Amino acid sequence: LTVDGAWGAEDLRQFYSANQGDSFDIRINYAQSGTNQEASGYTSYTVKITNFSAVVLKRGIQPFWNVSLTLEEV
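Residues numbered from 1 in each chain as written. Predicted model: local features only at pLDDT ≥ 70, side-chain atom pairs only at ≥ 80, totals over all residues. Heavy atoms only, no water.

**A word on empty space enclosed by the protein**
According to the stated counting rule, one finds 1 cavity of 30 Å³ or more in the structure shown. Considering only enclosed or pocket space, the largest cavity measures out at about 40 Å³ in volume. Taken together, F15, Y16, N19, Q20, G21, D22, F24 and I49 make up the lining of the largest cavity. Along the lines of polarity and charge, the residues of the lining of the largest cavity split into 4 nonpolar, 3 polar and 1 charged. (1 Å grid on protein atoms, 1.4 Å probe; cavity = no way out; pocket = protein on both sides within 12 Å on 5 of 7 lines; lining within 4 Å. Points joined across faces, edges and corners; volume = space filled by probe spheres on them. Nonpolar A, V, L, I, M, F, W, Y, C, P; charged D, E, K, R; others polar.)

Encoded structure:
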């Protein structure tokens with residue numbers, strides 16, 4: 001589980017495994033200022049994951065992960 005309810009480590013690992021080498025689109029939203037976090041626009045990029053690792057740091061009721069991935073623009 002994540003704080004924002006978005007993809008966690010297992011979701012990212014499954015996406016990477018299913019789409020290894022495939023490109024996909026992402027958007028980076030730009031905030032208007034440091035105090036106003038409403039998006040003022042975005043830029044789209046087509047990328048692929050070139051490196052991925054996920055390591056469990058702590059197991060328990062809720063596991064804690066270190067996830068690292070590298071995106072390359074294509």
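That covers the picture; the talk isn't over yet.
**Here we look at the packing of aromatic side chains**
The final tally for this structure, using the stated rule, is 3 aromatic pairs. Ring geometry for F15 versus F24: centroids 5.1 Å apart, planes at 90°, classification edge-to-face. By relative accessible area, which is 23% here, F15 ends up partly exposed. Taking the centre distance of 5.0 Å and the plane angle of 20° together, the rings of Y16 and F52 count as stacked. Pair noted here: Y16 is in helix α1 (residues 9-18) and F52 is in strand β2 (residues 39-58), with a separation of 36 residues, a long-range link. Its relative accessible area of 17% is what places Y16 among the buried residues. (Phe/Tyr/Trp six-rings, centres within 6.5 Å; stacked < 30°, edge-to-face > 60°. Buried < 20%, exposed > 50% of the residue type's maximum accessible area, 1.4 Å probe, protein only. Helix = DSSP H or I, 4+ residues; strand = E, 2+ residues; numbered from the N terminus.)

**Digging into the pattern of salt bridges**
Summed over all chains, the structure comprises 1 salt bridge. A salt bridge links R13 to E10; its shortest N-O distance comes to 3.5 Å. Here E10 and R13 lie together in helix α1, a separation of 3 residues that amounts to about one turn. Residue class for R13 comes out partly exposed when judged on its relative accessible area of 30%. (Salt bridge = Lys/Arg side-chain N within 4 Å of Asp/Glu carboxyl O.)

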